[in-house]
Amino acid sequence: MIPVTEVAAAVLLRGDPAAPEFLLAQRPVGKVYAGYWEFPGGKVEAGETARQALVRELQEELGVTVDQAWPWVCCEFTYPHATVRLRFFRVTSWHGEITPIEHSGLRWLKVDEAASVAPILPANGPILRALALPAVYALTYAEELGPAAELARLEKALATGLRLIQVRDKTLPPAQRERFARAVVELVRPWNEWNGASVLINDDPELARAVGAQGVHLSSTRLWQSVRRPEFERVAASCHTAADLKRAAELGLDFVVLGPVLPTASHPDATGMGWPEFSRLTASSPLPVYALGGLQPEILETARSSGGHGIALLRGWR
Ligand SMILES: Nc1nc2c([nH]c(=O)n2[C@H]2C[C@H](O)[C@@H](COP(=O)(O)OP(=O)(O)OP(=O)(O)O)O2)c(=O)[nH]1
């Protein structure tokens, strides 16, 4: 078996949480991949947890003390010199002044400026794409609210920053679902051009193509039936188990939804997996994970402290 080097890496975030800046650092002469840009961090030493390594590395490399770090994604990558398992944390609070103690340069960037920095360590491309995903994934509920009211809710939410939408509504009659999906895509189109807002259609690639949606959201059944990533700008999937998460990563999807975490209004008697299990499952996911099931916007911080990227909401988004 190839030995794997454990690495902890920090995505330091500052500014507006909805459009934050993140820090990249340039590897100094004398290290492998000198001159490449990376997230600050380094190898986990014997006896340390990844979090402890993160705290130590940020003190050594940047001279700051971490106050808040949320586990995020974890990916493996094989370089000629080593196979690394990178545990990324989102660091949202620290004290001390950031100083380039070990790096040859530091740069704060907006997510859409990431392409202006090169070269970036090869393992980090998917990380930059994941960073661009918003905190909330809104699932439509025209079945209950009616298509007109749902479009009105959407219009308001787009104006206050919503950027990721799934047309769910699996029980609408097909012709009505198509009309609704088309209307959602039309409503989102100007936002797509303006801020990259996108629409994924639940479990129906043909409908997604027909209405010009940016993506498709695979059910866990379709996830296992798919032999390759469907050809869309964005592809996500519903996951319930560690095997589902692994499968979604193998197919190279953009993100997943994992749940149900809590009992839901539609299934109040079914127990959800709970936050400890959610945490355990997300700990090794290379894809960003949205928590789903019985959630309200206020739970975002809990989801993030449990390793989630964000939350998927059916009733709760606005
Ligand atoms: N810190 C960091 N390392 C990364 C990133 N992406 C990535 O592939 N890596 C890889 C490069 C290296 O093979 C490994 C980190 O090792 P390192 O040499 O920087 O570790 P270190 O700071 O503990 O350095 P040293 O004591 O061995 O000199 O992880 C990233 O964004 N940040």
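Treat the numbers as computed from the prediction; the structure is a model and nothing was measured. (Residues numbered from 1 in each chain as written. Predicted model: local features only at pLDDT ≥ 70, side-chain atom pairs only at ≥ 80, totals over all residues. Heavy atoms only, no water.)

J.: Whenever I open this one, the overall build of the protein chain confuses me. Can you help?
T.: Assigned secondary structure in the protein chain consists of 10 helices and 15 strands. Scaling as 2.2 N^0.38, a compact globule of 318 residues should have a C-alpha radius of gyration of about 20 Å, and the protein chain matches this with 20 Å. In terms of principal-axis extent, the alpha carbons of the protein chain reach across some 65 × 40 × 35 Å. For the protein chain, the residues scored as buried account for 48% of the 318 residues in total. For the protein chain, long-range pairs separated by at least 24 residues make up 61% of all intrachain contacts whose partners lie at least 6 apart in sequence. Only carbon and sulfur atoms are counted for the fraction: they give 55% of the accessible area of the protein chain, which is about 14,700 Å². Between the centroid of the 32 positive side chains of the protein chain and the centroid of its 35 negative side chains there is a distance of 3 Å. (Helix = DSSP H or I, 4+ residues; strand = E, 2+ residues; numbered from the N terminus. Rg over C-alpha atoms; globule rule 2.2 N^0.38 Å. Buried < 20%, exposed > 50% of the residue type's maximum accessible area, 1.4 Å probe, protein only. Contact = heavy atoms within 4.5 Å. Areas by Shrake-Rupley, 256 points an atom, 1.4 Å probe, with all protein chains shown as cover. Lys, Arg positive; Asp, Glu negative; His and termini not counted. Charge placed at Lys NZ, Arg CZ, Asp CG, Glu CD.)

J.: What should I look at first to understand the UniProt feature "domain: Nudix hydrolase" (unreviewed entry) in the protein chain in this one?
T.: Cross-referencing UniProt, the feature "domain: Nudix hydrolase" (unreviewed entry) maps to residues 3-135 in the present numbering. Along residues 3-135 the backbone is 15% helical and 41% strand, and the end-to-end C-alpha distance reaches 35 Å. (UniProt positions renumbered as here; feature names shortened; annotations may be inferred.)

J.: What's the story with the environment of D112 in this structure? I'm lost.
T.: Relative to the helices and strands, D112 is located in the loop between β7 (105-110) and α2 (125-131). As a C-alpha pair, D112 and F180 span 68 residues in sequence and 31 Å in three-dimensional space.

J.: Mind showing me how you'd approach helix α8 (residues 242-250) here?
T.: Helical geometry note: an α-helix holds 3.6 residues per turn, so side chains three or four residues apart project in the same direction. Looking only at α8, the buried set comprises D244, L245, R247 and A248. All buried residues of α8 project into a common sector of 160° when viewed along the axis, lining one side. Of the exposed residues in α8, the ones pointing more than 90 degrees away from its buried face are K246 and E250. Those residues of α8 that are buried are in contact with α7 (220-225), β12 (234-239), β13 (255-258), α9 (274-282) and β14 (289-292). Looking one or two places after α8, you find G252, whose phi comes out positive at around 70°. (Arc of directions from axis to C-beta.)

J.: Mind showing me how you'd approach the pairing of β12 here?
T.: Residues in a regular strand point their side chains to alternate faces of the sheet. In terms of burial, β12 is a largely internal element, 6 of the 6 residues being buried. Where burial is concerned, the two faces of β12 agree: the one with R234, A236 and S238 and the one with V235, A237 and C239 are both buried. Judged from the 4 bridges that link them, strand β11 (residues 215-218) and β12 form a sheet pairing that is parallel. Within β12, the residue paired with H217 across the bridge is A236. Of the crossover connections in this fold, the one passing from β11 over α7 to the parallel β12 is right-handed. Inspection of the sheet shows β12 paired to β13 by 4 bridges, in the parallel sense. Across the sheet, residue A236 finds its bridge partner in β13, namely F255. Taken together, β12, α8 and β13 form a β-α-β motif whose crossover is right-handed. (Pairing = 2+ DSSP bridges. Right-handed = clockwise from strand over helix to strand, strands pointing away.)

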